[in-house]
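Analysis of the macromolecular model
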Amino acid sequence: MASHGGSNAQAIFDACRKGALHGEARVLISNNSRAGVRDRAERAGVPFYHLSSTTHPIPAELDAAILQALRCHGVGVVCLTGYMKKLGAQMLAAYSGRILNIHPSLLPKFGGRGMYGIRVHEAVLAAGEAESGATVHLISDEYDQGSILAQERIAVCAGDSAEALQARVLAVEHRIYTETLQRIAAGSLALEGLTRR
């Protein structure tokens, strides 16, 4: 699931194609009909759905439509790759313990509502942090509060701009997200409720 460019989704598509991730990207859902990730999904041969308050103005119906699309495509693990909307109660219940997110900081630092994209890196620099990084975590009903599955630290360099820091953290995101998914695929990281075929 993604809202904008979807570079983390692309990293997952690429890892699957290269055999570095023993999984299959089944479907891409976006709340943004013009998201750049749509082109990435089409190039990768992954079905794309635009599901949003535009297509489903009633929140419970949108929640149900997202859940139906995931089930229709046999999705076992949901990966948020820059998805900018809070998930509904039906989906959170159905995929409890199987929804992952990547966050561009060392959670619990610089997480929560409003902490996304370049804002995170600006906050890291404004706080004078010596390090930053990326976190893969499970989704709960609170922003950035789920269990941490993986983290990697990088140094904040003297003279870093938010954009320079963002670029270095993004490279880490792409790698640790796919590595974490491969640990799940290989069975070395167990997710509650995930059944193996």
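Everything below is about the structure printed above this text.
Model, not experiment: these values are computed from the prediction. (Residues numbered from 1 in each chain as written. Predicted model: local features only at pLDDT ≥ 70, side-chain atom pairs only at ≥ 80, totals over all residues. Heavy atoms only, no water.)

1. As for the nonpolar core
One recurring pattern in soluble globular proteins is that nonpolar side chains are buried together. Selection rule: Residues belong to one nonpolar core when they are buried, are Ala, Val, Leu, Ile, Met, Phe, Trp, Tyr or Cys, and are joined through side-chain atoms within 4.5 Å. Here's how the labels work: a residue is buried when its accessible area is under 20% of the maximum for its type, exposed when over 50%, partly exposed in between, all with a 1.4 Å probe on protein chains only. Each helix is a run of DSSP H or I of at least 4 residues and each strand a run of E of at least 2, with the numbering of both proceeding from the N terminus. Only heavy atoms enter the contact rule, under which two residues are in contact if any of them lie within 4.5 Å.
If you look at the biggest cluster of nonpolar residues, it comprises 27 residues, and the most contacted ones within it are I12, L100, V136, L149, Y177 and L181. Elements supplying a minimum of two residues to this core: α1 (7-18), β4 (99-103), α5 (118-126), β5 (131-138), β6 (148-155) and α6 (162-186). Here the element with the most residues in this core is α6; it accounts for seven residues. Excluding residues within four positions of it along the chain, Y177 makes contact with N8, I12, C79, L80, T81, L100, N101, I102 and V136.

2. What to know about the packing of aromatic side chains
This is how it is decided: In this analysis, rings of Phe, Tyr and Trp, with Trp reduced to its six-membered ring, are considered paired at centre separations within 6.5 Å, and the interplanar angle assigns stacked below 30 degrees, edge-to-face beyond 60, and tilted for intermediate values. We call a charge positioned above a ring when the Lys NZ or Arg CZ atom is no farther than 6 Å from the ring centre and deviates by at most 35 degrees from the ring normal.
Inspection of the entire model under this criterion finds zero aromatic pairs. Its end group placed over the ring of Y143, K86 keeps NZ or CZ at 4.9 Å from the ring centre.

3. Examining the pairing of β4
For clarity, the cut-off: In short, DSSP must find at least two bridges between two strands for them to pair.
For β4, a buried count of five out of five residues is recorded, marking the element as mostly surrounded by other parts of the structure. With burial as the criterion, each face of β4 is covered, one bearing I99, N101 and H103 and the other bearing L100 and I102. Here strand β3 (residues 78-80) runs beside β4; their pairing, made up of three bridges, is parallel. Residue V78 lies in a different strand from β4, and its bridge partner there is I99.

4. A look at the sheet that holds β3
The following threshold applies: Orientation is described by axes fitted as lines to C-alpha atoms, over the contacting stretch for helices, and by angles from 0 to 180 degrees between their N-to-C directions.
With respect to topology, four strands assemble into an open sheet ordered β3-β4-β5-β6, the strand pairing being mixed. Each of the sheet's edge strands pairs with one partner strand only, and the pair in question is β3 and β6. Direction aside, the axes of adjacent strands within the sheet are offset by 15° on average. Summarising the sheet, β5 and β6 pair through seven bridges and their orientation is antiparallel. Bridge pairing in β6 places T135 opposite Q151. α6 contacts β3, β4, β5 and β6 of the sheet and is inclined by roughly 150° relative to β6.

5. What to know about the side chain of D160
In this fold, D160 is placed in the loop between β6 and α6. Apart from residues no more than four positions distant in its own chain, D160 is found in contact with L125, L165 and R168.

6. Re the pairing of β5
Where burial is concerned, most of β5 is hidden: seven out of the eight residues are buried. Pairing analysis gives four bridges linking β4 to β5, with the strands arranged antiparallel. Of the residues in β5, the one forming a bridge with N101 is H137.

7. What about the packing of α5 against α6?
Inclusion rule: The scheme is simple: roughly parallel for angles under 35 degrees, roughly antiparallel for over 145, roughly perpendicular for 65 to 115, oblique for anything else. Left-handed describes a crossing in which the near helix is turned anticlockwise from the far one by less than a right angle; the clockwise case is right-handed. Ten residues, namely Ala, Val, Leu, Ile, Met, Phe, Trp, Tyr, Cys and Pro, are considered nonpolar, four, namely Asp, Glu, Lys and Arg, are considered charged, and the remaining ones, Gly among them, are considered polar.
Interaxial distance between α5 and α6 falls to 9 Å at its minimum, and their mutual angle equals 115°. In terms of axis orientation, α5 runs roughly perpendicular to α6. In this structure, the crossing between α5 and α6 has a hand that is right-handed. When α5 is examined against α6, the residues I118, H121, E122, V124 and L125 are found in contact with a partner set consisting of A162, E163, L165, Q166 and V169. Looking at the contact of α5 with α6 residue by residue, the classes come out as six nonpolar, two polar and two charged.

8. So, the pattern of salt bridges
As a reminder of what qualifies: Whenever a carboxyl oxygen of Asp or Glu lies within 4 Å of a side-chain nitrogen of Lys or Arg, that contact is scored as a salt bridge.
For the structure on display, the rule yields eight salt bridges. Between D14 and R17 there is a salt bridge; the shortest N-O distance is 3.6 Å. Remark: R17 and D14 occur in helix α1; sequence separation between them is three residues, near one turn of the helix. Under the relative-accessibility criterion, R17 is labelled exposed at 61%.

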